[in-house]
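# Per-entry structural report
One-letter residues, chain by chain:
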Amino acid sequence: MFPSRGITNALRQLRSSLIGPLRRPGLIGVDLADYESALSLGGRIRFERASSRDAKTCAMHLSQAFTYVPAALCVHLRLPEGTTIGEIDHALGVIDAALSSGTREVFCVFAANLERRRNVAATALAIDGGIHA
């Protein structure tokens, strides 16, 4: 039996979100141990994407996709060349504020890459439903 197109696309997105940050050098590195730690919390995996002209707005769109506080979150920002550390800090501050609204600490990993692009793109791999100490 062959998998449906939806399952195939979901698996392709999952592979891309897991492997993509590992293939590009980042300002903050994400490695397989980070993903392993996130996935060890159990629960369901969700994949979200957002894009915008600036990092802060992109982070707001991404954080709005999560109407719950996940057990773990891996975020990959793809930014235009010339983006400053301050702009990245603002984006991470938005995500941090969204995660801080919960009653438990969330395991988070961030990667940021500068690329030849005009907008900011973000992907997030969230693990929800897990038990977090």
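Scroll up for the structure.
Residues numbered from 1 in each chain as written. Predicted model: local features only at pLDDT ≥ 70, side-chain atom pairs only at ≥ 80, totals over all residues. Heavy atoms only, no water.

### Focus: the pairing of strand β4 (residues 120-128)
- Within β4, nine of the nine residues are buried, which leaves the element mostly enclosed by the surrounding structure.
- The pairing of strand β1 (residues 44-52) with β4 spans nine bridges and is antiparallel. Paired with Ser52 across the two strands is Val120, which belongs to β4.
- Sheet topology note: the strand β2 (residues 72-80)/β4 ladder contains seven bridges and is antiparallel. Bridge assignment links Cys74 to a residue of β4, and that residue is Leu125. (Buried < 20%, exposed > 50% of the residue type's maximum accessible area, 1.4 Å probe, protein only. Helix = DSSP H or I, 4+ residues; strand = E, 2+ residues; numbered from the N terminus. Pairing = 2+ DSSP bridges.)

### Focus: the environment of Asn119
- Tracing the sequence through the fold places Asn119 in the loop between β3 (107-115) and β4.
- By relative accessible area, Asn119 is classed as partly exposed at 27%.
- Sequence separation between Asn119 and Glu81 is 38 residues; the distance between their C-alpha atoms is 10.0 Å.
- Apart from residues lying up to four places away in sequence, Asn119 is in contact with Ser51, Ser52, Arg78 and Pro80. (Contact = heavy atoms within 4.5 Å.)

### Structural notes on the sheet that holds β3
- Spatial strand order, β1-β4-β2-β3: four strands in an open sheet with mixed pairing. The open sheet is flanked by β1 and β3, the only strands paired with a single partner. Averaged over all pairs of adjacent strands, the angle between strand axes in this sheet comes to 10°, irrespective of strand direction.
- Across the sheet, helix α3 (residues 55-64) touches β1, β2 and β4, and the angle it forms with β1 is around 145°.
- Running at roughly 155° to β2, helix α4 (residues 85-99) makes contact with β2 and β3 of the sheet. (Axes fitted to C-alpha atoms, helices over the stretch in contact; angles between N-to-C directions.)

Shape descriptors only; they carry no functional weight alone.
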